Amino acid sequence: MSVNKVALTIGLICILLGTTVSVLGIWGYIGDTGLVWRALSTLGVVLLGVILAVAINNMTSKDK
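By convention here, each chain's residues receive numbers from 1 onward along its written sequence. Only residues with pLDDT of 70 or above have their local features reported here, since the model is predicted, and side-chain atom pairs are shown and tallied only from 80 upward, although totals for entire chains, interfaces and linings are computed over all residues. The side-chain quantities take in all heavy atoms of the structure and omit both hydrogens and water.

### Considering the overall build of the protein
When helices and strands are tallied, the protein shows two helices and zero strands. Scaling as 2.2 N^0.38, a compact globule of 64 residues should have a C-alpha radius of gyration of about 11 Å, whereas the protein reaches 15 Å, well beyond that. Its C-alpha atoms give the protein principal-axis dimensions of about 50 × 15 × 15 Å. In the protein, which comprises 64 residues, the share counted as buried stands at 14%. Accessible surface, the protein: about 5000 Å² in total, of which carbon and sulfur atoms supply 73%. Only DSSP runs of H or I covering at least 4 residues are called helices, and only runs of E covering at least 2 are called strands; the numbering of each starts at the N terminus. The reference for a compact globule is 2.2 Å times residues^0.38; the radius of gyration itself is calculated from the C-alpha atoms. The rule is simple: take the accessible area with a 1.4 Å probe, protein chains only, and divide by the maximum for that residue type; under 20% is buried, over 50% is exposed, in between is partly exposed. Residue burial considers only the protein chains on display, and all accessible areas are found by Shrake-Rupley using a 1.4 Å probe.

Have a look at this one:
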């Protein structure tokens, strides 16, 4: 599997989990707001790492 395919999978999982946590937080199923923000921050950091990995992979790729 290429780095881009793995990154796409991880990115989609982060977006799906972030949306789920947001909706659960909005509707009050997750009562601890600190937990919601920590979860969203963690997913944001992972997503940023994936985006940077893809950008660096595309810049250093020799298949152009």
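That covers the picture; the talk isn't over yet.
### Some details on the environment of G25
Locating G25 in the fold gives a position in helix 1 (residues 3–26). Taking relative accessible area as the criterion, G25 reaches 29% and is therefore assigned partly exposed. In sequence terms G25 and G49 are 24 residues apart; their C-alpha atoms lie 24 Å from each other. Not counting the four nearest positions on each side in its chain, G25 is found in contact with I30 and V36. Contacts: residue pairs with any heavy atoms within 4.5 Å of one another.

### Quick word on the environment of G28
Looking at the secondary structure, you find G28 in the loop between helix 1 and helix 2 (33–60). Put simply, G28 and G49 are 21 residues apart on the chain and 29 Å apart in space, counted from C-alpha to C-alpha.

### Focus: the packing of helix 1 against helix 2
The convention used is that axes are lines fitted to C-alpha atoms, helices contributing only their stretch in contact, and that angles between N-to-C directions extend from 0 to 180 degrees. The N-to-C vectors of helix 1 and helix 2 enclose an angle of 160°; their axes lie 9 Å apart at closest approach. Overall, the two elements helix 1 and helix 2 adopt an arrangement that is roughly antiparallel. Of the two elements, helix 1 crosses helix 2, and the hand of that crossing is left-handed. Mapping the contact onto sequence places V3, N4, A7, I10, G11, C14, I15, L17, G18, V21, S22 and G25 in helix 1 and V36, A39, L40, L43, V46, L47, V50, V54, N57 and N58 in helix 2. Our angle categories are set so that under 35 degrees counts as roughly parallel, over 145 as roughly antiparallel, 65 to 115 as roughly perpendicular, and the remainder as oblique. The handedness criterion is simple: a crossing whose near helix is rotated anticlockwise from the far helix by less than a right angle is left-handed, and one whose near helix is rotated clockwise is right-handed.

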